[in-house]
Amino acid sequence: MAQAHARRSRKRRLKAEINVVPYIDVMLVLLIIFMVTAPLLNVGVDVNLPQADAKSLEQKRRQPVVVQVRKDGALALTYEGLDRPQAVDAAQLVAKVRAFVAADPNVPVYVAGDREVSYQRVYEVLSLLQQQAGVPRAGLMGDPRK
């Protein structure tokens, strides 16, 4: 009889494992509930703002500085007060654009490269503007498709 009891205890060993399947099921259900209800929550708050007769602040509209890179790689500069682009070399370009940036650090500077000029030349002008003229951001111009 002692042997029969020993055999039974060997067969019924306790498992020290936690069954995590029910926890995963609960987490998935909660995830679905939160995903469905999150877009429905009203995040805005109604505020009754005071009214006044004050005039709105006027924003100074800045004219951009446009650097043109022509088909042959030559540079031209257009800025406020010029009726047509002014041909410049690299040193003149750096000096003039540096003066514009010193007067107004937020002046927009754009590079307008000809379609047939090499990308390397446009990239050189961009790095020249950023490194030597001190332009924090320079944008590229393009024509919209017709």
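In what follows, the structure referred to is the one given above.
Read on for an overview of the structure.

**Digging into the overall build of the protein chain**
Link 1 in the chain: A count of helical and extended segments in the protein chain gives 4 helices and 5 strands.
Link 2 in the chain: When the helices and strands of the protein chain are placed in sequence order, the string is α-α-β-β-β-α-β-α-β.
Link 3 in the chain: Taking contacts inside the protein chain between residues at least 6 apart in sequence as the whole, the part at least 24 apart equals 55%.

**Re the sheet that holds strand S3 (residues 86-88)**
Link 1 in the chain: Spatially, the 5 strands line up as an open sheet ordered S3-S2-S1-S4-S5, and their pairing is mixed. With partners counted over all chains shown, the strands left at the sheet margins are S3 and strand S5 (138-140), one partner each. On average, adjacent strands in this sheet sit at an angle of 30 degrees to one another, irrespective of strand direction.
Link 2 in the chain: Here strand S1 (residues 65-69) runs beside strand S4 (residues 109-113); their pairing, made up of 5 bridges, is parallel. Bridge pairing links Val69 to Gly113 in S4.
Link 3 in the chain: Of the strands in this sheet, S1, strand S2 (75-78), S4 and S5 touch helix H4 (residues 119-131), which is tilted by about 165 degrees from S4.

**Some remarks on the layout of surface pockets**
Link 1 in the chain: One number sums up the size of the largest pocket: a volume of about 360 Å³.
Link 2 in the chain: As for the largest pocket, its lining consists of 11 residues, and the residues nearest its centre are Gly113, Arg115, Met141, Gly142 and Asp143.
Link 3 in the chain: Those elements that provide at least two residues to the lining of the largest pocket are S1 and S4.
Link 4 in the chain: Its residues assigned to classes, the lining of the largest pocket shows 4 nonpolar, 3 polar and 4 charged.

**Details of the nonpolar core**
Link 1 in the chain: The biggest cluster of nonpolar side chains holds 21 residues, and the ones touching the most others in it are Leu77, Leu93, Val97, Val111, Val125, Leu129 and Val135.
Link 2 in the chain: When residues of this core are traced back to their parent elements, those giving at least two are S1, S2, helix H3 (90-103), S4 and H4.
Link 3 in the chain: Tallying contributions element by element places H4 first for this core, with 5 residues.
Link 4 in the chain: Ignoring anything within four residues of it in the chain, the contact list for Val111 reads Val67, Val69, Val122, Val125, Leu126, Leu129, Gly139, Leu140 and Met141.

**Description of the pairing of S1**
Link 1 in the chain: Counting buried residues in S1 gives 4 out of 5 residues, a clear majority hidden from the surface.
Link 2 in the chain: Counted along the chain from S1 to the antiparallel partner S2, the turn is 5 residues long, and its residue Gly73 has a positive phi close to 95 degrees.

**Side note on the pairing of S2**
Link 1 in the chain: Of the two faces of S2, both are covered, the one formed by Leu75 and Leu77 as well as the one formed by Ala76 and Thr78.
Link 2 in the chain: Of the pairings in the sheet, the one linking S1 to S2 comprises 4 bridges and is antiparallel in character. The residue of S2 that forms the bridge with Gln68 is Ala76.
Link 3 in the chain: Sheet topology note: the S2/S3 ladder contains 3 bridges and is antiparallel. In the sheet register, Ala76 faces S3, and the bridge partner there is Ala87.

**Some details on the packing of H3 against H4**
Link 1 in the chain: Viewed as axis vectors pointing N to C, H3 and H4 meet at an angle of 45 degrees, and their least axial separation amounts to 10 Å. The orientation of H3 with respect to H4, classified from their angle, is oblique. Of the two elements, H3 crosses H4, and the hand of that crossing is right-handed. Facing H3, whose interface residues are Ala90, Leu93, Val94 and Val97, H4 presents Val125, Leu128 and Leu129.
Link 2 in the chain: For the contact of H3 with H4, the class distribution of residues is 7 nonpolar, no polar and no charged.

Thresholds, definitions, all that
- Residues numbered from 1 in each chain as written.
- Predicted model: local features only at pLDDT ≥ 70, side-chain atom pairs only at ≥ 80, totals over all residues.
- Heavy atoms only, no water.
- Helix = DSSP H or I, 4+ residues; strand = E, 2+ residues; numbered from the N terminus.
- Contact = heavy atoms within 4.5 Å.
- Pairing = 2+ DSSP bridges.
- Axes fitted to C-alpha atoms, helices over the stretch in contact; angles between N-to-C directions.
- 1 Å grid on protein atoms, 1.4 Å probe; cavity = no way out; pocket = protein on both sides within 12 Å on 5 of 7 lines; lining within 4 Å.
- Points joined across faces, edges and corners; volume = space filled by probe spheres on them.
- Nonpolar A, V, L, I, M, F, W, Y, C, P; charged D, E, K, R; others polar.
- Core = buried A, V, L, I, M, F, W, Y, C linked by side-chain atoms within 4.5 Å.
- Buried < 20%, exposed > 50% of the residue type's maximum accessible area, 1.4 Å probe, protein only.
- Parallel < 35°, antiparallel > 145°, perpendicular 65-115°, else oblique.
- Left-handed = near helix turned anticlockwise from the far one by under 90°.

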